[in-house]
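Single-letter residue listing:
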Amino acid sequence: MNIDISDNTTQQQFEITMDGELATLQYRFYKNDIALMHTHVPERLKGRGLATALANFGLEWAKSQNKKVMVYCPFVSSYLKKRPEYNYLIDKNYV
């Protein structure tokens, strides 16, 4: 399945619109880092891999922008435990 993800810079969140609903990964900027704050997937959309797609998108975005990542979102934290290839992105000052 091809999932379109957009960066809503006004709301500071990565977004997926599907079936008239919105799944999001909220972020904030702190110093030169991006803080991944909270993932939200509406109940009707759960089980479709949207949270995983958002987490991956957020980390790839950080990599492309040379930003370190601060992780506050429990879902992104669990995603990272399974993908050590992203460990170098994590700002060790905020673990």
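Residues numbered from 1 in each chain as written. Predicted model: local features only at pLDDT ≥ 70, side-chain atom pairs only at ≥ 80, totals over all residues. Heavy atoms only, no water.

J.: What is the right way to read the pairing of strand E3 (residues 21-30) from this model?
T.: Looking along a regular strand, one sees the side chains alternate between the two faces of the sheet. Taken together, the six bridges between strand E2 (residues 13-18) and E3 define a ladder with antiparallel strand orientation. For Ile16, the partnering residue across the bridge sits in E3 and is Ala23. Hairpin connection of E2 to E3: two residues between the antiparallel strands, including Asp19 at a positive phi of 50 degrees. (Pairing = 2+ DSSP bridges. Helix = DSSP H or I, 4+ residues; strand = E, 2+ residues; numbered from the N terminus.)

J.: Whenever I open this one, the packing of helix H1 (residues 50-64) against helix H2 (residues 74-81) confuses me. Can you help?
T.: Remark: H1 packs on H2, axes separated minimally by 10 Å, with the N-to-C direction vectors making an angle of 80 degrees. Put simply, H1 runs roughly perpendicular to H2. Facing Ala51, Thr52, Ala55, Asn56 and Leu59 of H1, the residues of H2 in contact are Phe75, Val76, Tyr79 and Leu80. Looking at the contact of H1 with H2 residue by residue, the classes come out as seven nonpolar, two polar and no charged. (Axes fitted to C-alpha atoms, helices over the stretch in contact; angles between N-to-C directions. Parallel < 35°, antiparallel > 145°, perpendicular 65-115°, else oblique. Contact = heavy atoms within 4.5 Å. Nonpolar A, V, L, I, M, F, W, Y, C, P; charged D, E, K, R; others polar.)

J.: Is there a simple way to explain the nonpolar core in this structure?
T.: Counting 26 residues, the largest nonpolar core has Phe14, Ile34, Leu36, Leu59 and Val69 as its most contacted members. Elements supplying a minimum of two residues to this core: E2, E3, strand E4 (33-40), H1 and H2. (Core = buried A, V, L, I, M, F, W, Y, C linked by side-chain atoms within 4.5 Å. Buried < 20%, exposed > 50% of the residue type's maximum accessible area, 1.4 Å probe, protein only.)

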